[in-house]
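# Observations on chain architecture
Here's the letter readout for the chains.
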Amino acid sequence: MNQQPLLISNHNKTTELHVEQMAIYLQSKIIEATDDQHNIYYLFFYKEQFLTYVKPTKLKRRTHIEKAFTKGIVLPSTHPLIHSLLFQDHPYKKRTFNQLVKKVQSLYRPQEVAQIATFFESFISKKTIFSLIQSIFYDYRRNGQMFSSYRILRILMDFAPNHSWVKGLSSDLNFIKYGKLYDRLSDELMTKDPIYMEKALYTDKSYNQLIQLLKNQSRWMDEIALYIHHISPENYVSLKQLLNNHFTDKEIIDVLEHLSNNTSDVLEINDDLLEIYLHHQNAEKMINLLFTHKLNLNPKQTQEFEQLLENVDLEPEQFPKEKVLSFLVPLFNINPEKAATLLHKFIVLQLKEYDIDSVVKRLIPLKIIMHAHPILEKLQHIQKLANDPDQQLLLGELYYEFQQFDQAIDCFSWEMELKSIDPKPVKWLSKIYNEIGMEQEHRAYRQLYIDMQKRA
């Protein structure tokens, strides 16, 4: 899937970016994109909500963004999930950190504000971020909301574990009972502190529980990403249901093709791709899938596949010439008779544009295909006979087979001059002129042939 250019704006200046990849990590999604001068930009999202973008000079180690691209789920620029996240009709606006804080404070709970602030450690001083989160902690504690203040402390224990203030509070007697809840990963944390629970489940690779947490929050994009990243026969049905609910057929094909190329554990993926290709009459992709994965068709699929091949056309609008060989090579292993028929048609089309030597050179990849040899040998025979005056009749017949009518006419005319009493070249000339619609010439050579037969 081709991504449309991405627009960003800052101080009324709009810049066009090209998406390179996306990292999905905990509650964040980070798009890496470049401009025409190859400058790198990062667009930050909280779940599916855009936050701001940054143009970094360098990235600090062991920060959220580094973890996102090393420990998170990284998707290529063409992935449908990126298309689902982004909009292209208006630009994403730059926000300073202070502007961002004010914005998220109006949209999210304080704990989420604290979590979002940690995303930007590589670009904002750690002290600034720490102070912001610390102020949220104090707000909760002043209001007597001890558990809420402890949730903020847990964020700081991850963000600045060696800070003396954090160390001191983490052993505070007022928080010991809450600490035990976190130490044993109590199920209560699913509702009481889903932010912490998400990270713990992700770190422990407790994917079934993590999926349930994502379901509870209606985060279908994260569900799909997690299923794709940890695909298995057990979770494929759930993934397929999500794809059907949220993606177009084309997007589903993109996801399944990616999975097919990267896993061999889930046989149903290729089965589903075969059905989709059949439904969309995509012979090229179906043939390559059958060949690459050595798949077998059931009787119903075989019948539909045969019907599909009957309708295959190698005209340029359906098959650009650079793609035909990648289509024919696997087809020779699946249906050699049909492949030979299509190869013949392809050669006819090529000879309308290129000389015989160029066409033979293009077909070198087919030399390893035994069933292609008879057709290739005929082309090579044409090359050998091209300058042999004693073989013009055979050369003309070969030209005719590949619909090279002008060359065939030259050969048969030459043969007729050399062997004036032989009716064979005359018969061929009558036949060719009839096929190319030159009725007067057809009648003349037909009458000449009849006269020669009478004299014989």
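To keep things clear, this report deals only with the structure shown in the data block.

Procedures and definitions
- Residues numbered from 1 in each chain as written.
- Predicted model: local features only at pLDDT ≥ 70, side-chain atom pairs only at ≥ 80, totals over all residues.
- Heavy atoms only, no water.
- Helix = DSSP H or I, 4+ residues; strand = E, 2+ residues; numbered from the N terminus.
- Rg over C-alpha atoms; globule rule 2.2 N^0.38 Å.
- Buried < 20%, exposed > 50% of the residue type's maximum accessible area, 1.4 Å probe, protein only.
- Contact = heavy atoms within 4.5 Å.
- Phe/Tyr/Trp six-rings, centres within 6.5 Å; stacked < 30°, edge-to-face > 60°.
- Lys NZ or Arg CZ within 6 Å of the ring centre and 35° of its normal.
- Salt bridge = Lys/Arg side-chain N within 4 Å of Asp/Glu carboxyl O.
- Lys, Arg positive; Asp, Glu negative; His and termini not counted.
- Polar contact = N/O pair within 3.5 Å; in protein donor to acceptor, adjacent residues only side chain to side chain.
- 1 Å grid on protein atoms, 1.4 Å probe; cavity = no way out; pocket = protein on both sides within 12 Å on 5 of 7 lines; lining within 4 Å.
- Points joined across faces, edges and corners; volume = space filled by probe spheres on them.
- Nonpolar A, V, L, I, M, F, W, Y, C, P; charged D, E, K, R; others polar.

## Some details on the overall build of the protein chain
- Scanning the protein chain for helices and strands turns up 25 helices and 7 strands.
- For 456 residues, the compact-globule formula gives about 23 Å, and the C-alpha radius of gyration of the protein chain, at 35 Å, lies well above that figure.
- In terms of principal-axis extent, the alpha carbons of the protein chain reach across some 125 × 50 × 30 Å.
- The buried share of the protein chain, taken over its 456 residues, is 47%.
- Put simply, 52% of the contacts in the protein chain that link residues at least 6 apart link residues at least 24 apart.

## Observations concerning the packing of aromatic side chains
- In total, this model carries 29 aromatic pairs according to the counting rule given.
- Between Tyr 46 and Phe 119, the aromatic rings sit 6.4 Å apart at their centres with planes inclined by 35°, giving tilted as the arrangement. With Tyr 46 in strand E4 (residues 40-46) and Phe 119 in the loop between helix H4 (110-118) and helix H5 (126-142), this residue pair connects regions lying 73 residues apart in the sequence.
- Connected via pairs of aromatic rings, a cluster forms that spans Phe 130, Phe 137, Tyr 138, Phe 147, Tyr 150, Trp 165, Phe 175, Tyr 178, Tyr 182 and Tyr 196.
- One residue, Lys 294, lies across the ring of Phe 291, its end atom 4.9 Å from the ring centre.
- Across the ring face of Tyr 354, the terminal group of Arg 362 is positioned such that the distance to the ring centre comes to 4.0 Å.

## What to know about the pattern of salt bridges
- Applying the stated criterion across every chain, the model contains 19 salt bridges.
- A salt bridge links Asp 254 to Lys 250; the nearest nitrogen and oxygen atoms lie 2.9 Å apart. Placement of the pair is Asp 254 and Lys 250 together in helix H14 (residues 249-262), with a separation of 4 residues, close to one helical turn.
- Its relative accessible area of 43% is what places Lys 250 among the partly exposed residues.
- What you see here is one network of salt bridges that share partners, running through Lys 29, Glu 48, Glu 198, Arg 219 and Asp 222.

## Side note on the side chain of Asp 35
- Locating Asp 35 in the fold gives a position in the loop between strand E3 (28-34) and E4.
- Buried and unpaired, Asp 35 has Lys 55 as its nearest opposite-charge partner, separated by 5.1 Å.
- In this structure the side chain of Asp 35 is engaged in a polar contact, spanning 2.9 Å, whose partner is the backbone nitrogen of Gln 37.
- Among the polar contacts made by the side chain of Asp 35, one reaches the main-chain amide nitrogen of Asn 39 at a distance of 2.8 Å.
- Aside from chain neighbours lying at most four places away, what touches Asp 35 is Thr 15, Glu 16, Leu 17 and Tyr 41.

## Re empty space enclosed by the protein
- In this structure the tally under the stated criterion is 2 cavities of 30 Å³ or more.
- Of the volumes computed, that of the largest cavity is approximately 90 Å³.
- Around the largest cavity, the lining residues are Ile 24, Tyr 25, Leu 26, Ile 73, Glu 198, Tyr 202, Leu 210, Leu 214, Arg 219, Asp 222, Ala 225 and Leu 226.
- Breaking the lining of the largest cavity down by element, the ones donating at least two residues are strand E2 (13-25), helix H10 (194-204), helix H11 (207-216) and helix H12 (220-229).
- Looking at which element gives the most residues to the lining of the largest cavity, the answer is H12, with 3 residues.
- In the lining of the largest cavity, the residues fall into 9 nonpolar, no polar and 3 charged.
- When its volume is computed, the second largest cavity comes out at roughly 40 Å³.
- If you trace the second largest cavity, you find it lined by Val 360, Leu 363, Ile 364, Lys 367, Leu 376, Leu 379 and Gln 380.
- Of the residues belonging to the lining of the second largest cavity, the class tally is 5 nonpolar, 1 polar and 1 charged.

## Some remarks on the layout of surface pockets
- For the largest pocket, the calculated volume is near 390 Å³.
- Lys 67, Thr 118, Asp 158, Phe 159 and Lys 199 are, among the 22 residues lining the largest pocket, the residues nearest its centre.
- Put simply, the parts of the chain that give the lining of the largest pocket at least two residues each are helix H1 (64-71), H4, helix H6 (146-159) and H10.
- In terms of residue class, the lining of the largest pocket is built from 6 nonpolar, 5 polar and 11 charged.
- Those elements giving two or more residues to the lining of the second largest pocket turn out to be H14, helix H15 (267-279) and helix H16 (283-293).
- For the lining of the second largest pocket, a count of residues per class yields 7 nonpolar, 8 polar and 3 charged.

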